[in-house]
Amino acid sequence: MNWKPRIKSYIVPGILLAGLAAAWIAGGSLCASDNRPIAPAPADLPVENVRFYSNSGSTLRGWYLTGEPGGGAVLLLHGNRSSRASMLGRARFLWHAGYSVLLFDFQAHGESPGDHLTFGHLESLDARAGVDFFRKCLPGEKIAILGESLGGAAAILAQPPLQVNALILESVFPTIEEAVQNRLVESFGRSGKHLAPLLLWQLRPRLGFGAEELRPIDHVGEITVPKLFIAGTADRKTLFRQSIALELAAADPKQFWAVKGAGHENLHLFATEEYEKRVLKFLDQHLR
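Residues numbered from 1 in each chain as written. Predicted model: local features only at pLDDT ≥ 70, side-chain atom pairs only at ≥ 80, totals over all residues. Heavy atoms only, no water.

Student: How should I be thinking about the overall build of the protein chain in this particular structure?
Tutor: On a plain count of helices and strands, the protein chain comes out with ten helices and ten strands. Against the compact-globule benchmark of 19 Å for 288 residues, the protein chain has a radius of gyration of 21 Å, which places it among compact chains. Its C-alpha atoms put the protein chain at 90 × 35 × 35 Å along the principal axes. Put simply, 73% of the contacts in the protein chain that link residues at least 6 apart link residues at least 24 apart. Split by element, the accessible area of the protein chain, about 13400 Å² in all, is 57% carbon and sulfur. The average position of the 30 basic charges and that of the 28 acidic charges among the side chains of the protein chain differ by 8 Å. (Helix = DSSP H or I, 4+ residues; strand = E, 2+ residues; numbered from the N terminus. Rg over C-alpha atoms; globule rule 2.2 N^0.38 Å. Contact = heavy atoms within 4.5 Å. Areas by Shrake-Rupley, 256 points an atom, 1.4 Å probe, with all protein chains shown as cover. Lys, Arg positive; Asp, Glu negative; His and termini not counted. Charge placed at Lys NZ, Arg CZ, Asp CG, Glu CD.)

Student: How do you make sense of the packing of aromatic side chains when you look at a structure like this?
Tutor: Aromatic ring pairs are reported here in terms of the distance separating the ring centres and the angle at which the planes meet. Under the definition given, this model contains nine aromatic pairs. Geometrically, the ring pair formed by Phe240 and Phe256 is edge-to-face, given 5.8 Å between the ring centres and 65 degrees between the ring planes. Residue Phe240 is found in helix H8 (residues 240–249), and its partner Phe256 is found in strand S10 (residues 254–259); the two are separated by 16 residues along the sequence. A relative accessible area of 23% places Phe240 in the partly exposed class. Judged by its relative accessible area of 29%, Phe256 is partly exposed. These aromatic residues form a ring-pair network of at least three members: Phe52, Tyr64, Phe104, Phe106, Phe133 and Phe134. In this arrangement the basic side chain of Arg84 is found over the ring face of Trp63, its NZ or CZ atom lying 4.4 Å from the centre. (Phe/Tyr/Trp six-rings, centres within 6.5 Å; stacked < 30°, edge-to-face > 60°. Buried < 20%, exposed > 50% of the residue type's maximum accessible area, 1.4 Å probe, protein only. Lys NZ or Arg CZ within 6 Å of the ring centre and 35° of its normal.)

Student: I'm lost on helix H5 (residues 176–188) in this one. Help?
Tutor: Since the α-helix packs 3.6 residues into each turn, any two residues three or four apart lie on the same face. If you check H5, its first and last C-alpha atoms are 18 Å apart, about what 13 residues at 1.5 Å a residue would give, namely 18 Å. Listing the buried residues of H5 in full gives Ile176, Ala179, Val180, Asn182 and Leu184. Buried residues in H5 make contact with helix H6 (196–200) and H8. Backbone geometry just after H5 places Gly189 at a positive phi near 90 degrees. (Expected span 1.5 Å × (residues − 1).)

Student: I keep staring at empty space enclosed by the protein and nothing clicks. Help me out?
Tutor: Counted according to the given criterion, the structure contains one cavity of 30 Å³ or more. The volume enclosed by the largest cavity comes to roughly 40 Å³. Lining the largest cavity we find Leu169, Glu170, Ser171, Val172, Phe229, Ile230, Ala231, Ser243, Leu246 and Phe256. Among the elements that line the lining of the largest cavity, the one with the most residues is strand S9 (residues 227–232), at three residues. The class makeup of the residues in the lining of the largest cavity is seven nonpolar, two polar and one charged. (1 Å grid on protein atoms, 1.4 Å probe; cavity = no way out; pocket = protein on both sides within 12 Å on 5 of 7 lines; lining within 4 Å. Points joined across faces, edges and corners; volume = space filled by probe spheres on them. Nonpolar A, V, L, I, M, F, W, Y, C, P; charged D, E, K, R; others polar.)

Student: Whenever I open this one, the sheet that holds strand S2 (residues 48–53) confuses me. Can you help?
Tutor: Strand pairing in a sheet is mediated by backbone hydrogen bonds. Such pairs are either parallel or antiparallel. One open sheet holds the eight strands; their spatial order is S2-S3-S5-S4-S7-S8-S9-S10, and the pairing between them is mixed. The open sheet has two edge strands, S2 and S10, and neither has a second partner. Put simply, the sheet's adjacent strands are angled 20 degrees from each other on average, direction ignored. Across six bridges, the pairing between S2 and strand S3 (residues 59–65) is antiparallel. Bridged to Asn49 within S3 is Trp63. (Pairing = 2+ DSSP bridges. Axes fitted to C-alpha atoms, helices over the stretch in contact; angles between N-to-C directions.)

Student: What is the right way to look at the layout of surface pockets in this model?
Tutor: In this approach a probe as big as a water molecule rolls over the atoms, and the regions it shows empty are the leftover space. A volume near 700 Å³ is recorded for the largest pocket. Along the walls of the largest pocket sit 30 residues, with Leu30, Asn80, Phe119, Val180 and Arg183 positioned nearest its centre. Those elements that place two or more of their residues in the lining of the largest pocket are helix H1 (4–31), H5, H6 and helix H7 (203–207). With seven residues, H5 is the single largest residue contributor to the lining of the largest pocket. Split by residue class, the lining of the largest pocket holds 14 nonpolar, ten polar and six charged.

Student: Please explain the pairing of strand S7 (residues 143–148) as it appears in this structure.
Tutor: Two faces, one strand: in a regular strand the side chains alternate between the faces of the sheet. Within S7, six of the six residues are buried, which leaves it mostly tucked inside the rest of the structure. Burial of S7 is two-sided: the residues Ile143, Ile145 and Gly147 facing one way and the residues Ala144, Leu146 and Glu148 facing the other way are all buried. Pairing of S7 with strand S8 (residues 166–170), which is carried by five bridges, proceeds in the parallel orientation. When the sheet's bridge partners are listed, Leu146 is paired in S8 with Ile168. This β-α-β element, S7 to helix H4 (residues 150–157) to S8, shows right-handed connectivity. (Right-handed = clockwise from strand over helix to strand, strands pointing away.)

Structure follows, in structure tokens:
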């Protein structure tokens, strides 16, 4: 008996199954929770440790800084696989300018419990919880959100739109499809984008929602408050042209700042002086 044809008939299905198994394992790793202890806040910041409930199912851990009465309030939303600690630099200059500031860990990040990262889906509920926290603590104050990457996407995806007075949106992906493709291309070259469907199809069986629900570009036009978009011209995770497309889809009033040479990174650290100047001018105009 010639076994070669029979052996060959098993090779292709075996390779396909192995590829699907590898994709499933990779998908599990990408959405696994990123909980970790957070070091105490620096002594120069008089933070209050806070906890508050979110409809995401998590009790969110955060830091609260009380600013000047009538000075406005800013909610800081961090990026994916990060924590409130990454927003400390922004919190410091905003508080010194007189703003009240709230920074917290999204569900399944830092010290906030959660089973999975959801790329803006449940995190949008956390963003709403942060706004509600301000409404209770500072009734009557004007509120802005500053969201970096995932944080900005969560602010846009919230339905109905969050009742705030201004939004600052940094390095926000227009769609989850583009976000995944960009990261695969960065890791594996141009052919990497063809692996994206193997990861995206897992969203619904794993997390209960699909890629069509993670498209900030479909919702940014519903937000009518003033918006400042900030993007790095060398960003490989949210391409500069994709940031422009998101801004073009947004309703007026809006502004756009292109940070020359910046990648997908902490833009406050990259261009500190200019960043603080532009952000404070925008916030002073719309919160005061």
